[in-house]
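So you can see what is in the structure, the chains are spelled out below.
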Amino acid sequence: MYTYEYVSDFFAPATWEADLAASFGLAQPHTWDSFAAAIDELAAACPPNERVIVIYAARHAQGEHNAMANLYPELGEHAQIAHPIRDARLTPLGRLQAITVGAALAREAGAGMPRPARWFVSPLHRAAETCRLEWAWACGADGPPAVVVEEIREHLHVHACDARSSTSSIAPEFPTYDWSRLSEDDELWAPGRDDGDQGRGAAGHRRADDTSTVGDLSTALDRSNWSGADAGTEAGDDGLLRLRGGRARGRETEDEMERRLERGMEEILDVAGNATYLSITAHSGALRALYAVLGAPARDLVVGELNVLVVRVKTA
């Protein structure tokens, strides 16, 4: 059991473009060397049941599902439900975004930024590929020796892009990752009731369990940028997501997601041991919940964004 206290002294995030160009929001007058020294001092002053950790918290780069709203602007936030893509992958733009972040990380490491000692990643493909591309400069083309953590995946039960692949089908693509903590099949993503027409909308859209992917994302990519198109939707007063044609699906609540991310953070700390610098690659909703758990200021991360968080951890 852990409790958390966010330390606000070191980073002042602005816009993602500005942070990407200038030390990920490291506040003046700090340099990376003075930051690392200050973290060492904080750690040395901790009582036996406390520690200080630094988290490189990254949202995955643009995925195929993020581009849906650009391909189908008439559907707006419902586009990725009407046109589902199971366990969506990065788009070409998303890969470029991740490579760009990796180059910025390498640049800052050259200026003294401490490197992570442990990496943790969501089991969804887009997060796994983002982590690999962003840290290839430090760990080689196959990526870091990341531990895959089931509980830090995205908001459950509505979007097919958040249903994960089987472990045996995805693990060979990421041979440096530790997949041993996962079951073979996805046991978390379980949509609620789907009324009306057996999962097919009035316009004949694909079922949510269809594993096919979008064939041509060029139109979406032409109209996309760092802000992405995150087609999130909010539940109605009855707790169900309302769609056209009378369909409704249950959705994991924010409280449920925060409890899940709290479990995920506990797992990360148990695995990380005494490591101070940790990398976590996940998703907008999962990171929103994680920030709430850690007491960090709320922030809507755009696709590809990376924040650096300093947190005091107390063992109960």
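What comes next concerns the included structure. Throughout this description, residue numbers start from 1 for each chain and increase along the sequence as written. Local features in a predicted model are, by the rule used here, given only for residues with pLDDT of at least 70; side-chain atom pairs are given and counted only at 80 or more, and totals for whole chains, interfaces and linings are based on all residues. Based on all heavy atoms of the structure, the side-chain values leave hydrogens and waters out of the count.

**Points about the pairing of strand β8 (residues 306-315)**
The buried count for β8 comes to seven of ten residues, which makes it a mostly enclosed element. One ladder, built from six bridges, connects strand β1 (residues 2-7) with β8; its direction is antiparallel. The residue of β8 that forms the bridge with Tyr2 is Thr315. Here the rule is simple: two strands pair whenever DSSP picks up at least two bridges between them. Secondary structure is summarised from DSSP: a helix means a run of H or I of at least four residues, a strand means a run of E of at least two, and numbering begins at the N terminus for each. Note: strand β2 (residues 50-59) against β8, nine bridges, orientation antiparallel. The partner of Tyr56 across the bridge, within β8, is Val308. When a residue's accessible area, from a 1.4 Å probe over protein chains only, is under 20% of the maximum for its type it is buried; when over 50% it is exposed; and in between it is partly exposed.

**Looking at the nonpolar core**
As used in this record, nonpolar core signifies buried Ala, Val, Leu, Ile, Met, Phe, Trp, Tyr and Cys residues forming a set joined through side-chain atoms within 4.5 Å. Grouped together as the largest cluster of nonpolar side chains are 40 residues, with contacts concentrated most on Phe10, Phe35, Ile39, Tyr177, Leu306 and Val310. Of all the elements in the fold, those that place two or more residues in this core are α1 (16-21), α2 (32-45), β2, α5 (92-110), β3 (118-121), α6 (125-139) and β8. Ranked by residues supplied to this core, first place goes to α2 with six residues. Contacts of Tyr177, omitting those with residues within four sequence positions, involve Val121, Ala128, Cys131, Arg132, Asp142, Pro144, Ala146 and Val148. Any two residues whose heavy atoms approach within 4.5 Å are treated as being in contact.

**Notes on the environment of Arg312**
Following the sequence through the fold, Arg312 ends up in strand β8. Looking at Arg312, the relative accessible area reads 25%, which means it is partly exposed. Counting along the chain gives 305 residues from Arg312 to Val7, while the straight-line C-alpha distance between them is 7.0 Å. Not counting residues up to four positions away in its chain, the partners in contact with Arg312 are Thr3, Tyr4, Glu5, Val7, Leu42, Cys46, Glu50, Arg51 and Val52.

**Remarks on the sheet that holds strand β4 (residues 147-148)**
An order of β1-β8-β2-β7-β3-β4 is seen for the six strands of this open sheet, with the pairing classed as mixed. Two strands lie at the open edges of the sheet, namely β1 and β4, each paired on one side alone. Both β3 and β4 contribute to a ladder of two bridges, which runs parallel. Opposite Phe120, over in β4, you have Val147 as the bridge partner. Only the contacting stretch of a helix is used when fitting its axis, a line to C-alpha atoms as for every element, and angles between N-to-C directions run 0 to 180 degrees. On top of the sheet, α2 reaches β2, β7 (277-282) and β8; it is set at about 140 degrees to β2, its chief contact.

**A few points about the pattern of salt bridges**
Take a side-chain nitrogen of Lys or Arg and a carboxyl oxygen of Asp or Glu: if they are within 4 Å of each other, that pair is a salt bridge. Going through the model one piece at a time under the given rule, you end up with 13 salt bridges. Residue Arg164 is joined to Glu150 by a salt bridge in which the shortest nitrogen-to-oxygen separation is 3.0 Å. Of the two residues, Arg164 is situated in the loop between β4 and α7 (167-170) and Glu150 in the loop between β4 and α7; the sequence distance between them amounts to 14 residues. Residue Arg164 shares its accessibility class with Glu150, and that shared class is buried. For Arg181, the salt bridge identified is with Glu267, shortest N-O distance 2.6 Å. Of this pair, Arg181 sits in the loop between α7 and α8 (218-222) while Glu267 is found in helix α9 (residues 254-272), placing the two residues 86 residues apart along the sequence. Of the residues examined, Glu267 reaches a relative accessible area of 17% and is grouped as buried.

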